Amino acid sequence: MKTFFIVLSFILAIILQTSSIPFLTISKISPDLVLVLILLLVILKKFEKVWWIVVIVSLLLDLFSSLPFGLISFSLVITVYLIGLFNRNMFSAVKFWITMVLVVLATLTYNLVLIILSQLFILVKISPPVSYFCGLSLNCWLDFMLSLAVATIYNLLMAAILFYGVKKIFHQE
Amino acid sequence: MKKTVLECILMRKILIHPFVLSLLIISGLVFLNFQGWLKTPQNIFFQITAPGKEAVYGFSLKINDFVSFVFSVNQLNQENDQLEQEKEELLAEVAHLKEVEAENEFIRSQMGLPLPDQKELVLANIIGQDPSGLSRSFLINKGERSGISQKAVVITAGNILVGQVIEVFDSSSRIRIITDPASRVNAKIQQSGLTGLIKGDSGSNLILDLLPQGELIQEEEMIVSSGLAGLFPPGLLIGQIQRVISSDVGISQMAKVKPAVDFNSLTRVFVIK
């Protein structure tokens, strides 16, 4: 029954992420509901137990994106695995402030992995040579840093709103 | 012998680790997609999700409109006056253009030239947007069955350029909008005829690049597609120049362009067949 609720909440999250959430965009950035939910799931349960949900959800996101297929999946799986590992080795309990720290780390890691992998995809010719990476342009870097800051704050807000509700649904008995 | 068995066990342990397994599954699917073997599951998936997404997208748009209305209620009077004035100017321009059109048709018929082809348009609803922050694309509810093909040009009412179809499924298509970093449109400044290249900006604006150095470019000039390279028909409205970025050391000039379309309130588009 719990798995059913988890899957249902992710289906809803994907639909919202691709239809409603783009309307919350500030300077090209909108909150990443799916990243926050997957992260909360991996914090509350182990990655080893929910890896299949992470893979399916990230692949579905890939289907809706115009980015090269697999880019979002790889980035999400790598990010949540690393953050889950860090959480298990550093913290023993699931607390609100710890979760907020992990959300900040996850947002930064996800964007970093996404950019590195997008370059790698171009290198191995999986995607056309469209660089989302700034290169040496200072203005572009400043824009990127600002976007990252906005994305982090947005995701923090989203996590803070969802934390207790999600804990009730996702937490292990 | 013992070492080989140990190696085998270790290898198996690594391969069945959920993280490695996840990466292997995704890699496998990337390979299948690269070969074009995921088209059918993708078609089925989009067919199943399209109605739900369309409803949620429409509902979200209504909420967005309502919130925008609440926040802008103070400016409505001022905006109304401005729009009234613009409407009068545009009505005068339409009357003038109709006269020019009639004159043009008459001259064409006198000279025996064919009239320009009427474009066949397909009306489509937007049902979703790109979930990643990196690229800018829309999903629409019309696909191959409605005669839409890859690279078809997408416009909105008033001959305003929206983007181009980059992926076609049975009953849906993906449009890359002009603000996407991968989008490139040959364009020209309507008044002066100077040509350049429209690219997506890091914000929600556009950049008009490769404008010749030394030419005078003014703010608020209109940008339209030039039709060069044959990808986009000429004369589609793209936007208006906001700021000119020029330096003595550069070989060309750039300009920031405000798109004519408000992509956040767009619900319907036309695909040129």
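Scroll up for the structure.
Computed from a predicted model, the values in this text were never measured in an experiment.

All names here are of chain A. At a minimum axis separation of 10 Å, helix α2 (residues 33-44) and helix α3 (residues 47-64) run at an interaxial angle of 170°. Classed by the angle they form, the pair α2 and α3 counts as roughly antiparallel. Together, V34, I38, L41 and V42 of α2 and F47, V50, I53, V54, V57 and L61 of α3 make up the contact between the two elements. Residue composition of the contact of α2 with α3, grouped by class: ten nonpolar, no polar and no charged.

On to a nonpolar patch on the surface. Residues and elements named next belong to chain B. On the surface, F59, I63, F66, V67, F69, V70, F71, V73 and L76 cluster together to form a nonpolar patch covering roughly 890 Å² of accessible area. No other element matches the seven residues that helix α3 (residues 39-71) contributes to the nonpolar patch. On the secondary structure map, F66 appears in helix α3. By relative accessible area, F66 is classed as exposed at 55%.

Side chains of D81(B), E84(B), E86(B), E88(B), E89(B) and E93(B) sit close together on the surface and give a patch of like negative charge. Tracing the sequence through the fold places E93(B) in helix α4 (residues 76-111).

So, on to the environment of L39(A). Residue and element names in this part refer to chain A. Relative to the helices and strands, L39 resides in helix α2. Taking the C-alpha atoms as reference points, L39 and V80, 41 residues apart in sequence, are found 5.9 Å from one another. Apart from residues lying up to four places away in sequence, L39 is in contact with V80, I83, L102, V103 and A106.

The rules we used
Residues numbered from 1 in each chain as written. Chains lettered and ligands numbered in written order. Predicted model: local features only at pLDDT ≥ 70, side-chain atom pairs only at ≥ 80, totals over all residues. Heavy atoms only, no water. Axes fitted to C-alpha atoms, helices over the stretch in contact; angles between N-to-C directions. Helix = DSSP H or I, 4+ residues; strand = E, 2+ residues; numbered from the N terminus. Parallel < 35°, antiparallel > 145°, perpendicular 65-115°, else oblique. Contact = heavy atoms within 4.5 Å. Nonpolar A, V, L, I, M, F, W, Y, C, P; charged D, E, K, R; others polar. Patch = residues over 30% accessible without salt bridge, like charges linked within 9 Å, V, L, I, M, F, W, Y side chains within 5 Å. Areas by Shrake-Rupley, 256 points an atom, 1.4 Å probe, with all protein chains shown as cover. Salt bridge = Lys/Arg side-chain N within 4 Å of Asp/Glu carboxyl O. Buried < 20%, exposed > 50% of the residue type's maximum accessible area, 1.4 Å probe, protein only. Lys, Arg positive; Asp, Glu negative; His and termini not counted. Charge placed at Lys NZ, Arg CZ, Asp CG, Glu CD.

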